[in-house]
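Below, each chain spelled out in residue letters.
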Amino acid sequence: MGVTHSLGLPQGKGPHAVGCTDVMVGQSRKGLFFRLFYPCISQERAEQPYWIPRYEYYCGLADYMNMNRKWCAPLLNVTFGSCRIPVSWDAPLKSSNHKYPLIIFSHGLGAFRTVYSSICAEMASRGFLVIALEHRDRSASATYFCKVESEAVDIPEAPVQEEWLSYQGVPKDQKEFHFRNPQVHQRANECIRGLKLIRSINGGKAAVNLLHTDFDLSSLEDNVDLSRVAVMGHSFGGATAILALVKEVQFKCAIALDAWMFPLENSMYPKVTKPVLFVNTETFQTLDSIAKMKKICALNDETKIITILGTVHQSQTDFTFLAGNLLNRVFQTRGTINPYEGLDITNQAALAFLQKHLQLKEDFDQWDSLLQGVGDAIIPDGPLQKSSL
């Protein structure tokens, strides 16, 4: 099960070529910033975007890891600076006789919009639109928003002023729950605003993308199936997805990848009545966290908990494919399972769950057994060994 070959970000395995673009709307931190993954018209010579798009993210990762910027940021830049995502940048949306279902994806603590490109691209290759948010609650390693002079908003290539928001740890005079709980509410509200933006564009209302990419947002008009919308996330994003499911009726189900349950208040749990799929890794979850998941399971027979053996918390991120042996030893980016096998199990379980609860007419039900924890590297329920985190 060990990895014996060089790694790289995998391409989506579905029938659709995948395109992506960045979208920023609103001229303040209350706006939205996300990467959109979508089925596209295949373009053989299309540009592939860098995995980490700006140097500021390397600095932010150094801050999140409590490392010295002077050596850590350049090291990360050397390690990941040439990595590209195997998707077509700004390619045209693929026309279809069927509208595309929608997934809103929420990143984990210290991450940002590109860190789950492997999962997002796989979902898009299977016929989904995926919005990978970059949250502005200061839980991202770094993010920014653009300010444009009011009279120049509708002018292409108008000059903008960037304002960066760095990662913020828990203040010394504050308890972690009281710091993280407002963040998870902000994150859930950003997921809902992302849904509302797509709903508005789908209905024919123009949206101004401050980043001036070549992708035509109006091509989404009347192409999104708003009766089939799910929310998904990893770690802090898993908790975000659960809370967003409670807050927004249009979300039909949630997929929580190794969810960090700590930031959610106890009064929220009785309100989680729609289906949730918990896909856990083997080394991250605590007894308390699993107990909270089981509270949610008790409210809905369709809520499932599964654990992928041989995985670590970073196994559900792109780092598992890109970190070399040294970084892997330091930051535990890979477990004992082949990372591609681990990703396949994660994606296939998610697709089977989405088919069932979004009522899709696909062949994803071929993986229904995974939802029962049946397979060579998967078990039902939580991990056998619990973390002491």
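Residues numbered from 1 in each chain as written. Predicted model: local features only at pLDDT ≥ 70, side-chain atom pairs only at ≥ 80, totals over all residues. Heavy atoms only, no water.

Student: Now, about the overall build of the protein chain: what can you tell me, with residues and values included?
Tutor: A tally of regular secondary structure across the protein chain gives nine helices and 12 strands. Relative to a compact globule of 389 residues, whose C-alpha radius of gyration would be 21 Å, the protein chain shows 20 Å and is just as compact. C-alpha extents for the protein chain along the principal axes are approximately 60 × 50 × 45 Å. Taking all 389 residues of the protein chain together, the buried fraction comes to 57%. For the protein chain, restricting intrachain contacts to residue pairs at least 6 apart in sequence, the fraction spanning at least 24 positions comes to 73%. A total accessible area of about 16,500 Å² is found for the protein chain, and carbon and sulfur atoms account for 49% of it. Placing the 38 positive and 39 negative side-chain charges of the protein chain at their respective mean positions leaves the two points 5 Å apart. (Helix = DSSP H or I, 4+ residues; strand = E, 2+ residues; numbered from the N terminus. Rg over C-alpha atoms; globule rule 2.2 N^0.38 Å. Buried < 20%, exposed > 50% of the residue type's maximum accessible area, 1.4 Å probe, protein only. Contact = heavy atoms within 4.5 Å. Areas by Shrake-Rupley, 256 points an atom, 1.4 Å probe, with all protein chains shown as cover. Lys, Arg positive; Asp, Glu negative; His and termini not counted. Charge placed at Lys NZ, Arg CZ, Asp CG, Glu CD.)

Student: How would you summarise the sheet that holds strand E3 (residues 88-89) if you had to cite specific residues and measurements?
Tutor: The strands making up a sheet associate through backbone hydrogen bonding, with each pair oriented either parallel or antiparallel. Strand order in this open sheet of 10 strands is E3-E1-E2-E5-E4-E8-E9-E10-E11-E12, and the pairing throughout is mixed. Edge positions in the sheet fall to E3 and strand E12 (378-380), since each has one partner strand and no second. With four bridges joining them, strand E2 (residues 32-40) and strand E5 (residues 129-133) adopt antiparallel strand pairing. Across the sheet, residue Phe34 finds its bridge partner in E5, namely Leu133. Sheet strands touched by helix H6 (residues 287-297): strand E10 (276-280) and strand E11 (304-308). Its angle to E10, the strand with the most contacts, is close to 155 degrees. (Pairing = 2+ DSSP bridges. Axes fitted to C-alpha atoms, helices over the stretch in contact; angles between N-to-C directions.)

Student: How would you explain the nonpolar core if you had to name every residue and give the values?
Tutor: Phe37, Trp51, Phe80, Phe128 and Leu354 are the most contacted members of the largest nonpolar core, which has 69 residues in total. Not counting residues within four places of it along the chain, the set of residues in contact with Phe128 comprises Phe37, Tyr38, Pro39, Pro101, Ile103, Met123, Leu351, Leu354, Leu358, Leu360 and Phe364. Core analysis: the second largest hydrophobic core is formed by 55 residues, Phe34, Ile242, Phe251 and Ala259 among them. (Core = buried A, V, L, I, M, F, W, Y, C linked by side-chain atoms within 4.5 Å.)

Student: I'd like a description of helix H9 (residues 339-358), backed by residues and values.
Tutor: Because the α-helix completes a turn every 3.6 residues, residues three or four places apart line up on one side. For H9, spanning 20 residues, the distance from its first C-alpha to its last is 28 Å, which sits close to the expected 28 Å at 1.5 Å a residue. Between a side-chain oxygen at the N-terminus of H9 and the backbone nitrogen of Tyr340 the separation is 2.8 Å; the capping residue is Asn338. (Expected span 1.5 Å × (residues − 1). Polar contact = N/O pair within 3.5 Å; in protein donor to acceptor, adjacent residues only side chain to side chain.)

Student: If you had to explain the pairing of strand E8 (residues 224-234) to someone new, which residues and values would you point to?
Tutor: Within E8, nine of the 11 residues are buried, which leaves it mostly tucked inside the rest of the structure. Bridging between strand E4 (residues 100-106) and E8 involves six bridges; their strand directions are parallel. Residue Ser106 lies in a different strand from E8, and its bridge partner there is Gly233. Bridge count between E8 and strand E9 (residues 253-257): five bridges; the pairing is parallel. Following the sheet pairing, Val231 is matched in E9 by Ala254.

Student: I'd love a proper account of the pattern of salt bridges, names of residues and values included.
Tutor: Where charged atoms of side chains with opposite charge meet at close range, the side chains can pair. The full count for this structure, using the stated rule, is 16 salt bridges. Here Glu56 ties to Arg54 by a salt bridge, and the two come within 3.5 Å at their closest N and O atoms. Since its relative accessible area comes to 29%, Glu56 is described here as partly exposed. Put simply, Lys99 and Asp222 hold a salt bridge, and the shortest N to O gap is 3.0 Å. (Salt bridge = Lys/Arg side-chain N within 4 Å of Asp/Glu carboxyl O.)

Student: Help me get a handle on the packing of helix H1 (residues 55-64) against helix H2 (residues 69-80), residues and values and all.
Tutor: The contact between H1 and H2 brings their axes to 8 Å, and the two run at 125 degrees. By the angle between their axes, H1 is oblique relative to H2. Between H1 and H2 lies a crossing whose hand is right-handed. The segment H1 lies against H2, with Tyr55, Tyr58, Cys59, Leu61, Ala62 and Asp63 engaging Arg69, Cys72, Ala73, Pro74, Leu76, Asn77 and Phe80. (Parallel < 35°, antiparallel > 145°, perpendicular 65-115°, else oblique. Left-handed = near helix turned anticlockwise from the far one by under 90°.)

Student: Go over the side chain of Thr333, please, and point to the residues and values.
Tutor: Note that Thr333 resides in the loop between helix H8 (325-331) and H9. Overall, Thr333 belongs to the buried group, its relative accessible area being 4%. Every residue in contact with Thr333, bar those within four places of it in the chain, is listed here: Val312, Gln314, Ser315, Phe319, Thr320, Ala323, Leu327 and Asn328.

Student: Give a description of H1 that names residues and reports values.
Tutor: Taken as a whole, H1 has its buried residues at Tyr57, Tyr58, Cys59, Gly60, Leu61 and Ala62. Where H1 ends, the next residue or the one after it, Asn66, has phi of about 55 degrees, a positive value.

Student: Provide a residue-level description of the environment of Met232, including the pertinent values.
Tutor: Along the chain, Met232 falls in strand E8. Once residues within four sequence positions are removed from consideration, Met232 is found in contact with Ile103, Ile104, Phe105, Ser106, Ile119, Ala241, Ile255, Leu257 and Ala350.

Student: I'd like a description of the packing of helix H3 (residues 117-125) against H9, backed by residues and values.
Tutor: Remark: H3 packs on H9, axes separated minimally by 11 Å, with the N-to-C direction vectors making an angle of 45 degrees. Relative to H9, the element H3 lies oblique. For the crossing formed where H3 meets H9, the hand is right-handed. Residues Ser118, Ile119, Glu122 and Met123 of H3 pack against Leu343, Thr346, Asn347, Leu351 and Leu354 of H9.

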